[in-house]
Number of protein chains: 2
Amino acid sequence: MSRTDAPFGWVLPLSLTPPRLGDNTADMDRLVSALKTALSTEQVVVPLGLARRLPQRLRTSDWQVRCVLLRDRSEYRLLDVLSALDLMPITGAAVDLGTTRVVVRLMDLVSGAVLGETAFDNPQAAVGPDILTRTHHADCDQGLASLRQSIVTAVNHHLHLLCMENDLSLQRLYALSLAGNTVMTHLFLGLSPHWMVREPYIPVVNTPPVLSGADIGIDMHPFGRVLVFPNVGSYFGGDLIAGILYSGLHTREETSLLVDVGTNAEVVLGNCNWMVGCAGAAGPALEGGAARMGMPAGPGAIDRVRIDPVHRRLTWRTIADRPPVGICGSGLIDLAAQMFRAGLVDIRGKIAAPHTDPRLSETGGIRQFTLVSENECVAGPISLSQPDLDSLMRSKAAMYTILTTLVNTVGLGFEDIDTFYVAGTFGAVIDPESAIGIGMLPDLDRKRFKILGNSALEGATRALVTNNCLPEIDAIRNGITYLELNVNQAFMAQFSAAKFLPHTDRRLFPSVSVPTVSH
Amino acid sequence: MSRTDAPFGWVLPLSLTPPRLGDNTADMDRLVSALKTALSTEQVVVPLGLARRLPQRLRTSDWQVRCVLLRDRSEYRLLDVLSALDLMPITGAAVDLGTTRVVVRLMDLVSGAVLGETAFDNPQAAVGPDILTRTHHADCDQGLASLRQSIVTAVNHHLHLLCMENDLSLQRLYALSLAGNTVMTHLFLGLSPHWMVREPYIPVVNTPPVLSGADIGIDMHPFGRVLVFPNVGSYFGGDLIAGILYSGLHTREETSLLVDVGTNAEVVLGNCNWMVGCAGAAGPALEGGAARMGMPAGPGAIDRVRIDPVHRRLTWRTIADRPPVGICGSGLIDLAAQMFRAGLVDIRGKIAAPHTDPRLSETGGIRQFTLVSENECVAGPISLSQPDLDSLMRSKAAMYTILTTLVNTVGLGFEDIDTFYVAGTFGAVIDPESAIGIGMLPDLDRKRFKILGNSALEGATRALVTNNCLPEIDAIRNGITYLELNVNQAFMAQFSAAKFLPHTDRRLFPSVSVPTVSH
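The rules behind these values
- Residues numbered from 1 in each chain as written.
- Chains lettered and ligands numbered in written order.
- Predicted model: local features only at pLDDT ≥ 70, side-chain atom pairs only at ≥ 80, totals over all residues.
- Heavy atoms only, no water.
- Helix = DSSP H or I, 4+ residues; strand = E, 2+ residues; numbered from the N terminus.
- Buried < 20%, exposed > 50% of the residue type's maximum accessible area, 1.4 Å probe, protein only.
- Contact = heavy atoms within 4.5 Å.
- Areas by Shrake-Rupley, 256 points an atom, 1.4 Å probe, with all protein chains shown as cover.
- Pairing = 2+ DSSP bridges.
- Axes fitted to C-alpha atoms, helices over the stretch in contact; angles between N-to-C directions.
- Phe/Tyr/Trp six-rings, centres within 6.5 Å; stacked < 30°, edge-to-face > 60°.
- Lys NZ or Arg CZ within 6 Å of the ring centre and 35° of its normal.
- Buried area = accessible area lost by both parts, 1.4 Å probe.
- Polar contact = N/O pair within 3.5 Å; in protein donor to acceptor, adjacent residues only side chain to side chain.
- Salt bridge = Lys/Arg side-chain N within 4 Å of Asp/Glu carboxyl O.
- pLDDT = per-residue confidence, 0-100.
- Least-squares fit on C-alpha atoms with pLDDT ≥ 70 in both.
- 1 Å grid on protein atoms, 1.4 Å probe; cavity = no way out; pocket = protein on both sides within 12 Å on 5 of 7 lines; lining within 4 Å.
- Points joined across faces, edges and corners; volume = space filled by probe spheres on them.
- Nonpolar A, V, L, I, M, F, W, Y, C, P; charged D, E, K, R; others polar.
- Parallel < 35°, antiparallel > 145°, perpendicular 65-115°, else oblique.
- Left-handed = near helix turned anticlockwise from the far one by under 90°.

K.L.:
What should I look at first to understand the overall build of chain A in this one?
P.N.:
Looking only at helices and strands, one finds 14 helices and 22 strands in chain A. Each principal axis of the C-alpha distribution contributes one length, and for chain A these read about 100 × 50 × 50 Å. Within the span of chain A, comprising 519 residues, buried residues form 59% of the whole. A separation threshold of at least 6 residues defines the contact pool for chain A, and within that pool the share at least 24 residues apart is 66%. Total accessible area computed for chain A in this model is approximately 19900 Å², and 52% of it derives from carbon and sulfur atoms.

K.L.:
How should the sheet that holds strand E18 (residues 366-372) of chain B be read in this particular structure?
P.N.:
Strand pairs in the sheet, formed through backbone hydrogen bonds, run parallel or antiparallel to each other. Residue and element names in this part refer to chain B. Strand order across the open sheet formed by three strands is E17-E18-E19, with antiparallel pairing between neighbours. Looking at strand neighbours, the two that pair on one side only are strand E17 (360-363) and strand E19 (382-385), the edges of this open sheet. This sheet shows a mean twist of 35° between the axes of neighbouring strands, independent of strand direction. One ladder, built from four bridges, connects E18 with E19; its direction is antiparallel.

K.L.:
What am I meant to see in the packing of aromatic side chains here?
P.N.:
The geometry of an aromatic ring pair is captured by the separation of the ring centres together with the interplanar angle, meaning the angle of the planes. Counted according to the given criterion, the structure contains 10 aromatic pairs over all chains. Note on Tyr201(A) and Tyr235(A): the rings are 6.0 Å apart at their centroids and 70° apart in plane angle, and the pair reads as edge-to-face. Of the two residues, Tyr201(A) is situated in the loop between helix H5 (182-189) and strand E9 (211-212) and Tyr235(A) in the loop between strand E10 (225-228) and helix H7 (238-247); the sequence distance between them amounts to 34 residues. Classification of Tyr235(A) as partly exposed rests on a relative accessible area of 33%. Taken together, a centroid distance of 5.4 Å and an interplanar angle of 45° make the contact between Tyr400(B) and Phe509(B) tilted. With Tyr400(B) in helix H9 (residues 386-409) and Phe509(B) in the segment after helix H14 (489-497), the pair connects residues that are 109 residues apart, well separated along the chain. Comparing Tyr400(B) with Phe509(B), the two get one shared label, buried. When the ring centre of Trp195(A) is taken as reference, the NZ or CZ atom of Arg59(B) above it lies at 4.4 Å.

K.L.:
Teacher, can you tell me more about the interface of chain B and chain A here?
P.N.:
A common way to express how large an interface is: the accessible area buried when the components associate. With 36 residues of chain B at the contact, the number on the chain A side is 37 residues. Between chain B and chain A, roughly 3300 Å² of surface is buried when both sides are summed, and carbon and sulfur atoms account for 62% of that area. Our count for the contact surface shared by chain B and chain A stands at 18 residue pairs in polar contact (both at pLDDT 80 or more). Those elements that provide at least two residues to the side of chain B that touches chain A are helix H1 (27-39) and helix H2 (48-60) of chain B. With five residues, H2(B) is the single largest residue contributor to the side of chain B that touches chain A.

K.L.:
Any chance you could explain the pattern of salt bridges here in plain terms?
P.N.:
Residues and elements named next belong to chain A. Throughout the structure, instances matching the rule amount to 47 salt bridges over all chains. The partner of Arg105 in a salt bridge is Glu117, and the shortest N-O contact between them spans 2.7 Å. In this pair, Arg105 is assigned in strand E6 (residues 101-108) and Glu117 in strand E7 (residues 114-121), connecting sequence segments 12 residues apart. Owing to a relative accessible area of 8%, Arg105 belongs among the buried residues under this scheme.

K.L.:
What is the right way to read the confidence of the model for chain A from this model?
P.N.:
The predicted coordinates should not be examined in detail at positions where pLDDT is low. Residue and element names in this part refer to chain A. When pLDDT is averaged along chain A, the result is 93, and 98% of the positions lie at 70 or above. Every residue in residues 1-7 is under pLDDT 50, and counting partners more than four places away or in other chains gives 10 contacts. Across the interfaces of the predicted complex, the ipTM metric reaches 0.92, alongside a pTM of 0.91.

K.L.:
I would appreciate a short explanation of the relation of the copies chain B and chain A in the present structure.
P.N.:
Between the two copies of the chain lies a relationship made up of a rotation around an axis and a movement along it. By a simple turn and slide, chain B fits onto chain A: the slide is 0.1 Å along the axis, the RMSD is 0.1 Å, and the turn is 180°. Considering both components of the superposition, the chain copies are consistent with a two-fold axis. Among all residues of chain B, the minimum C-alpha distance to the rotation axis is found for Ser74(B), at 4.2 Å. Counting the interface residues of chain B, we find that 100% of their copies in chain A are interface residues as well, pointing to one common contact surface.

K.L.:
How do you make sense of empty space enclosed by the protein when you look at a structure like this?
P.N.:
Which parts of space are left empty comes out when a probe the size of a water molecule is rolled across the atoms. Overall, the coordinates contain two cavities of 30 Å³ or more when judged by the stated rule. Approximately 50 Å³ is the volume attributed to the largest cavity. In terms of lining residues, the largest cavity is bounded by Trp10(A), Leu70(A), Ala175(A), Leu176(A), Ser177(A), Arg225(A), Val226(A), Leu227(A), Ala463(A), Leu464(A) and Asn467(A). Secondary structure elements with two or more residues in the lining of the largest cavity: strand E8 (173-180), E10 and helix H12 (455-466) of chain A. Looking at the lining of the largest cavity residue by residue, the class counts come to eight nonpolar, two polar and one charged. Approximately 40 Å³ is the volume attributed to the second largest cavity. Every residue along the wall of the second largest cavity is listed here: Trp10(B), Leu70(B), Ala175(B), Leu176(B), Val210(B), Arg225(B), Val226(B), Leu227(B), Ala463(B) and Leu464(B). No other element matches the three residues that strand E10 (residues 225-228) of chain B contributes to the lining of the second largest cavity. Among the residues forming the lining of the second largest cavity, the class breakdown is nine nonpolar, no polar and one charged.

K.L.:
Please clarify how unusual backbone geometry should be interpreted in this entry.
P.N.:
Most peptide bonds take the trans configuration, and most residues that are not glycine carry a negative phi. Cis geometry is found at the peptide bond from Glu199(A) to Pro200(A), where omega equals 0°. Position of Pro200(A) among the secondary structure elements: in the loop between H5 and E9. Going from Leu501(A) to Pro502(A), the amide bond is cis rather than trans, its omega being -15°. Position of Pro502(A) among the secondary structure elements: in the segment after helix H14 (489-498). Of note in the backbone geometry, Trp63(B) takes a positive phi value of approximately 70° without being a glycine. Topologically, Trp63(B) is positioned in the loop between H2 and strand E3 (64-71). A positive phi angle, close to 55°, is found at Arg312(B), a residue other than glycine.

K.L.:
Quick question: what am I supposed to make of the environment of Asn181(B) here?
P.N.:
All names here are of chain B. In this fold, Asn181 is placed in the loop between strand E8 (173-180) and helix H5 (182-189). Taking C-alpha positions, Asn181 is 7.7 Å from Leu240, a pair spaced 59 residues apart along the chain. Other than its neighbours up to four places away in sequence, Asn181 contacts Leu97, Thr99, Ile131, Gly237 and Asp239. Among the polar contacts listed, one links the side chain of Asn181 to the backbone nitrogen of Val183, at a separation of 3.2 Å.

K.L.:
Help me understand the packing of helix H3 (residues 131-138) of chain A against H5(A), please; the structure alone is not making it clear to me.
P.N.:
Axes are the key here: two packed helices are described by the angle between their axes and the distance separating the axes. All names here are of chain A. With their axes 10 Å apart at the nearest point, H3 and H5 run at an angle of 30° to one another. Overall, the two elements H3 and H5 adopt an arrangement that is roughly parallel. Where H3 crosses over H5, the handedness of that crossing is left-handed. Taken together, the residues of H5 that come into contact with H3 (itself represented by Ile131, Arg134, Thr135 and Ala138) are Val183, Met184 and Leu187.

K.L.:
Honestly, H7(A) in this entry has me stumped. Any pointers?
P.N.:
Owing to its 3.6 residues per turn, the α-helix aligns residues three or four sequence positions apart on the same side. Residue and element names in this part refer to chain A. Burial within H7 is extensive, with nine of its 10 residues counted as buried. Among all positions of H7, only Gly238, Asp239, Leu240, Ile241, Ala242, Gly243, Ile244, Leu245 and Ser247 are buried. Looking one or two residues past H7, Gly248 carries a phi angle of roughly 80°, positive in sign.

K.L.:
I'm lost on the pairing of strand E15 (residues 314-318) of chain B in this one. Help?
P.N.:
Look at any regular strand and the pattern is simple: side chains alternate between the two faces of the sheet. Residues and elements named next belong to chain B. Of the strand pairs in this sheet, strand E14 (residues 301-307) and E15 are connected by five bridges, and their pairing is antiparallel. Paired with Arg304 across the two strands is Arg317, which belongs to E15. The turn linking E14 back onto E15 is made up of six residues, and Arg312 within it adopts a positive phi angle of 55°.

K.L.:
So what exactly am I meant to see when it comes to the sheet that holds strand E22 (residues 480-482) of chain B here?
P.N.:
All names here are of chain B. Taken in spatial order, the six strands make up an open sheet running E21-E20-E11-E12-E13-E22, and their pairing is mixed. Lying at the two open borders of the sheet, with one neighbouring strand each, are strand E21 (449-453) and E22. Taking the axes of each pair of neighbouring strands and ignoring which way they run, one obtains an average angle of 20° across the sheet. Both strand E12 (residues 264-270) and strand E13 (residues 275-281) contribute to a ladder of seven bridges, which runs antiparallel.

This is the structure:
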């Protein structure tokens, strides 16, 4: 399929009738009129700066043009008018704006091809790794402005590199689509997150308008636009909306559940007729933030652990095959599940007595399991202590309780869930088997689990390439009934019951076997 | 009527429900939702910069606010959110952007009161007094940019003065409405008029969008908007549309005619069902640009002339009662009409023989009439020579021919015209009696003439105060069928017949008496 044969996405070829006496409509009005007819719309907006260039552009291209258009909520917006002979790519960038990592993907908007992708640490981490620290920093003098500037500068830098690698000018970058949690998008837009962390937790904006790249400071085409995914609330962000968009949960008759596993657990349950969502704190353990040797997923982090249940032989894997320096969330979940299966941890999440395994030890009454010994690792021994495991137990119990509460609230059980989507970059590295093994995720047929990978990035990509995706995105956002998690007695009882491996009610996890542990 | 009791124009008072747990919509979305309900609209646009200020503004005003809104074509645009206790004026400025003179009027948008008005010479006159010189200058390197900058700077300067006189900040200026001819508005917007003076005479824009003041460089509220009147074509500008809006021609059942008398004659004929318009060159004589002692209307210009027909006693008046330095258009029309009535000019427009009056003389075969003698005037004698009068004869004949052609084209005669609106600042100073006396305007019952004054300014004022005037303005613009004046044999015959005083066909001017002249 040639570029101009593609169904209308971003570029509309137009052959205009040149003006003459008796047909002396102005250049802009002539073009707008042709666009209205071609697009069957009443609303086409032309920026003044583009109008200024129009007379020459139309005449040098002999009235044969390719129009680059963005479809905004209530109107089409003309971004550029190119000569029909100009077939250089029309590009856009999708951005997954994570608290820790940021991914930028350069797209050919016409062919839908990925031209390049790059990831980098969110430079705001210099202020603090978590949302709360950055929110407090934003309240300082120039704090918000500097946080905004740091992320905008970093995005610009990587857009520049991506364009350079593709021998393209930033002038050919017409759109940027960005999905992130609510605080990250607020900081990106220069909106104060101050009231988001104070009861009753109010963002400045739920549904940001499509913005001008120039206004935001993004290096792109002067009339380029920035689409920021809407959020449902302070704790249910645009990254989730992008994830839902990508999963298709909102289009299917069958009821599905989508969960973004992390420090904050964000869950949406529903189908094409209804959706309910909620969010709750699961604690930092799942992202490797609580354990003494815990670390974010990165080179040298142990992300996979296996313990042969018969001989208790231990094997592990590090990210990028680098010498081990710590253990990340997925490694921790694996380790706990494997230790449980091997009888090194009991159903209460307590580490077995030191005499039962040479890797077990006890110092000052605190038991621990050594994963990597001092002589195997230059950074010192990597071990899991009882407090580390306790922290993980709380996190996994919170996660399971949140899932249970949401599903039960609408009168369903886990057996009614057709597909269980695991969203987010962290979700992509979890082994569902281990997550079920420790009772963090429900014990469903493994085929029902669908790992989405970086669903925020994929959703942002889809919004970018589709071009008329905003009504769908808004419909997702507005279709979600947000459930305020009421941390009441019933919730706490559920939570306490979930603080076992895999659960106090073993019938909930029929596929998980429970070994005996010596103390 | 108190401010908040006024029917919605620009300010909407809102009492918002403060957020709480269970109603944690974001600040902007809460406000937008309340606005949509109050205004029964689906489209409310909030600039990002305003969203940034919203959390504090809403909380310090305890959720009781006054919203300043502009009604754009397809949407409401929120310009500001003030505390309900902030009752400082909400202002706007109407601008009549003339080629020669510019008038700026400061308005209280809520009460509709005029707060101040100022007029100044268009600084672009430094490049050249007429449209053509400026259009050529715009083609030079930086020419367009410097022309644009000069008018924007001048408007800003006078906005600043007007606000200062009213003890108001420019931050309280939310809207600017501007009416001018097509070239002037193009230069103001930085749009090249290059193709407007070349066949087939194409403007860049007929209907400009409502623009951001910040984008255009107007010193006003950061989210203030600029409304520029649309044009019908290169020679039928926004000043005419504003004039029609002010006259109400487009709302009445009876057929009226509106004419803007000047170097270019712009005419519109019609009623609430149809409108036809045309424009044609009348020559510079009518604005005092052709006669040797001609000058634009300004201090010291002779603008009224009377010659007692019996004793031929001459009296004249100057603008601002200053010593005479020249004669402006209305003075020239008066002079010609009075000379004709006194038998000093014959029906062919030829000056009588010198012996018939002491003020008449002949040098080198060229006759002239001395209006002010050398000893009465420090600037030298002020006189009307035969070539000056010939030039006026051509202009008045062109004007009459244009009017006749337009009226006849739709199958009407002047007797069918219910009201004859004379628009424009120049039109305001013409004595209709004199204009009829020389056969420039048709010989209708004087009661049918309605002098509109500065109709561009009045139209701009109305657009500003009404706030939802754009549909009406667009309807006027789109309702006009523009008639390309075909300067063919029939037109030239009409023109030749009109080059008499008042006309070759005396039946057309029954109220004008024709004296005998000695040669």
